[in-house]
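Chain residues, written in single-letter form:
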Amino acid sequence: MSHLAFLSNRAYVFRGYLWSLDPGTAVEDGPGRWRSARIPLNAFISGPTAGGSMGPNITTPRAVYNTYWDQVCPPERRTHLRVNEIHEKHGIGKDSEGVEILNLWAKILSESQDPCIDVNDGHVFDYDTIGTSHILSVWPSLSQSPIVQRFAWSPLVLNAVARNVPALLPRSSHDPWNPASQPMPSISSSENSMLKGLVALHLRRGDYGYHCENMANYSVTFTSWNQFSHLPDRFTPPAGGGFGKTTPENLAIYLKHCWPDAEHVIQKLNEIRYSNGRGNLETIFILTNGDKIWLDDLKLQLSQDGWSNVVTSKDLRLTAGESEVDGAVDMQIAARAEVFIGNGFSSLTSNINMIRLAHHLPDSTIRFW
């Protein structure tokens with residue numbers, strides 16, 4: 001939506017991340033783990049979407065926080081554009097291409113003389129767009145936008161990454177990482193900060209077991225930017241599933257791609273380590289919400305398979321503030337890894353791949369289970 005605001009020459013209104021509508025509460029995120037009910041967006045990211053500069057010679061107004069919007073655009077000044085009504089009026093449906101929707105809304109918003117516009121009653125880009133290949137037509141516009149080109153993580157996230165990078169080096173390394181000489185860049189910076197020899201793995205656990213089964217029941221394919229045909233490891237839903245049910249054979253196929261076990265993880269890593277001249281891969285970072293017993297067993301098996309260093313999300317040294325944005329820390333490490341193996345059904349994997357694609361990293365470094 002911030003890219004749409006840019007195309008429309010309007011200020012995007014952003015808000016913090018809400019774990020709870022009650023600002024006075026903390027939210028339990030796993031046994032004994034608590035998070036603040038509300039976290040400012042600027043704790044996660046910098047750049048145009050969070051109010052940063054779009055660059056020289058760009059006159060589009062900067063994004064503003066929702067509390068400022070409430071002051072300058074009180075309810076009585078707002079023009080409400082209802083998504084469902086506009087889509088019905090203009091014939092937008094589940095088969096509409098993403099760029100068609102983008103251009104329609106950019107035209108409507110840029111031609112309107114109303115200063116305060118509230119887009120509500122539906123999603124401009126719903127699952128029929130984001131969850132299908134229709135979203136890919138937006139990429140040529142989005143990828144060249146300052147929204148993506150000037151995207152950056154917050155100082156809080158970058159400092160956490162900088163402090164933990166030495167733990168991601170091969171055990172044999174004698175060349176300590178110096179954050180002063182090798183800063184972690186924004187999209188527009190050079191690629192010199194790639195973490196050589198590192199493979200990042202996205203292994204979602206927890207409630208994802210139910211989601212994986214549900215995806216099999218409805219013959220779901222990879223999501224968003226994970227769907228590009230030029231990326232390796234394409235996934236085509238097997239026949240025989242859908243409409244809320246599937247076969248045991250189909251479920252097994254889905255679980256291999258969505259919920260890989262240790263055997264499949266090792267197999268995939270060996271496939272990548274010994275292909276495309278990537279024998280220099282030595283270290284693994286696992287983005288995960290898996291439990292400690294499962295992770296310790298997986299780390300042991302990977303070490304026995306010859307990996308010199310295996311680190312998980314739960315091994316990182318984070319301050320209390322950094323722990324609030326640990327998902328962003330994981331994403332930045334994965335975005336800079338030499339190779340990333342993601343979960344094609346996951347929006348987190350898709351967002352990491354958006355960054356890698358915007359960096360023009362080789363397709364061969366973007367893999368899936």
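Residues numbered from 1 in each chain as written. Predicted model: local features only at pLDDT ≥ 70, side-chain atom pairs only at ≥ 80, totals over all residues. Heavy atoms only, no water.

**Brief notes about the overall build of the protein chain**
Summing up its helical and strand segments, the protein chain has 15 helices and 15 strands in all. Against the globule reference of 21 Å for 369 residues, the protein chain gives a C-alpha radius of gyration of 22 Å, in line with a compact fold. In terms of its C-alpha atoms, the protein chain occupies a principal-axis envelope of roughly 65 × 55 × 40 Å. Buried positions account for 50% of the 369 residues belonging to the protein chain. When contacts within the protein chain are restricted to residue pairs at least 6 apart in sequence, long-range pairs at least 24 apart make up 75% of them. (Helix = DSSP H or I, 4+ residues; strand = E, 2+ residues; numbered from the N terminus. Rg over C-alpha atoms; globule rule 2.2 N^0.38 Å. Buried < 20%, exposed > 50% of the residue type's maximum accessible area, 1.4 Å probe, protein only. Contact = heavy atoms within 4.5 Å.)

**What to know about the state of the cysteines**
The final tally for this structure, using the stated rule, is two disulfides. What links to what in the protein chain: the bonded cysteines, counted in sequence order, pair as 1-2, 3-4. (Disulfide = S-S within 2.5 Å.)

**Some points on the packing of helix α14 (residues 326-336) against helix α15 (residues 347-358)**
It is at 9 Å that the axes of α14 and α15 come closest, and there the two elements cross at 45°. Taken as axis vectors, α14 and α15 run oblique relative to one another. Helix-helix and strand crossings are classified by hand; for α14 and α15 the assignment is right-handed. Residues M331, A334, A335 and R336 of α14 touch α15, and the partners they reach there are L348, N351, I352, I355 and R356. When its residues are assigned to classes, the contact of α14 with α15 shows six nonpolar, one polar and two charged. (Axes fitted to C-alpha atoms, helices over the stretch in contact; angles between N-to-C directions. Parallel < 35°, antiparallel > 145°, perpendicular 65-115°, else oblique. Left-handed = near helix turned anticlockwise from the far one by under 90°. Nonpolar A, V, L, I, M, F, W, Y, C, P; charged D, E, K, R; others polar.)

**Some details on α15**
Here α15 contains twelve residues, and its C-alpha end-to-end distance of 16 Å stays within 8% of the 16 Å for a straight helix at 1.5 Å per residue. The complete set of buried residues in α15 reads T349, S350, I352, N353, M354, I355, R356, L357 and A358. In this structure S346 caps α15, since a side-chain oxygen of it lies 3.1 Å from the backbone nitrogen of L348. Downstream of α15 by one or two residues, H360 has phi in the positive range, about 60°. (Expected span 1.5 Å × (residues − 1). Polar contact = N/O pair within 3.5 Å; in protein donor to acceptor, adjacent residues only side chain to side chain.)

**Quick word on the environment of H202**
Looking at the secondary structure, you find H202 in strand β11 (residues 195-203). Taking the C-alpha atoms as reference, H202 lies 23 Å from T319; in sequence the two are 117 residues apart.

**Quick look at the nonpolar core**
Counting residues in hydrophobic clusters, the biggest one holds 71 residues, and the most contacted among them are W105, W153, W225, F285, I333 and F345. Discounting residues that sit within four places of it in the chain, I333 has contacts with V161, L168, L195, L198, F285 and L316. By size, the runner-up hydrophobic cluster in this structure holds 18 residues, among which are L269, I272, L302 and W369. (Core = buried A, V, L, I, M, F, W, Y, C linked by side-chain atoms within 4.5 Å.)

**Description of the packing of aromatic side chains**
Inspection of every chain in the model, using the stated rule, returns 13 aromatic pairs. Look at F222 and F345: their rings are 5.1 Å apart centre to centre, the planes differ by 90°, and that puts the pair in the edge-to-face class. Highlighted residues: F222 in the loop between α9 (208-217) and α10 (248-258) and F345 in the loop between β14 (337-342) and α15, separated in sequence by 123 residues. F345 gets classed as buried once you look at its relative accessible area, which sits at 7%. Through a chain of ring-to-ring contacts, three or more aromatic side chains come together here, namely F222, F235, Y254, F345 and F368. The ring of W259 has R205 sitting right over it, with the charged end atom 4.3 Å from the ring centre. (Phe/Tyr/Trp six-rings, centres within 6.5 Å; stacked < 30°, edge-to-face > 60°. Lys NZ or Arg CZ within 6 Å of the ring centre and 35° of its normal.)

**What about the sheet that holds strand β12 (residues 283-288)?**
Strands pair in a sheet through their backbones, by hydrogen bonds, and they do so in one of two ways: parallel or antiparallel. Taken in spatial order, the five strands line up as β13-β12-β11-β14-β15 in an open sheet, and their pairing is parallel. Two strands in the sheet have a free side with no partner beyond their single neighbour: β13 (309-312) and β15 (366-368). Between one strand axis and the next, the sheet turns through 20° on average, direction left out of account. Relative to β13, β12 is paired through four bridges, and the arrangement is parallel. Paired with F285 across the strands is V311, a residue of β13. (Pairing = 2+ DSSP bridges.)

**Here's the deal with the packing of helix α8 (residues 155-164) against α14**
Here α8 crosses α14 at 60°, and the two axes come no closer than 9 Å. Here α8 is positioned oblique relative to α14, judged by the angle of their axes. Like other packed secondary-structure pairs, α8 and α14 cross with a definite hand, here right-handed. Within the contact between the two elements, α8 uses V157, L158, A160 and V161 and α14 uses A328, V329, Q332 and I333.

**Remarks on the pattern of salt bridges**
By the definition in use, this model includes twelve salt bridges. Note that D70 is salt-bridged to R78, the shortest N-O span being 2.9 Å. What makes D70 partly exposed here is its relative accessible area of 38%. Linked by salt bridges that have partners in common, D233, K268, E271 and R367 make up one network. (Salt bridge = Lys/Arg side-chain N within 4 Å of Asp/Glu carboxyl O.)

**Observations regarding the pairing of β11**
Within β11, eight of the nine residues are buried, which leaves it mostly tucked inside the rest of the structure. Pairing of β11 with β14 involves four bridges; the strand directions are parallel. For A200, the partnering residue across the bridge sits in β14 and is F340. Across six bridges, β11 lies against β12 in parallel orientation. Directly across from L203, in β12, lies its bridge partner T288.

That's the geometry; what it means functionally is another story.
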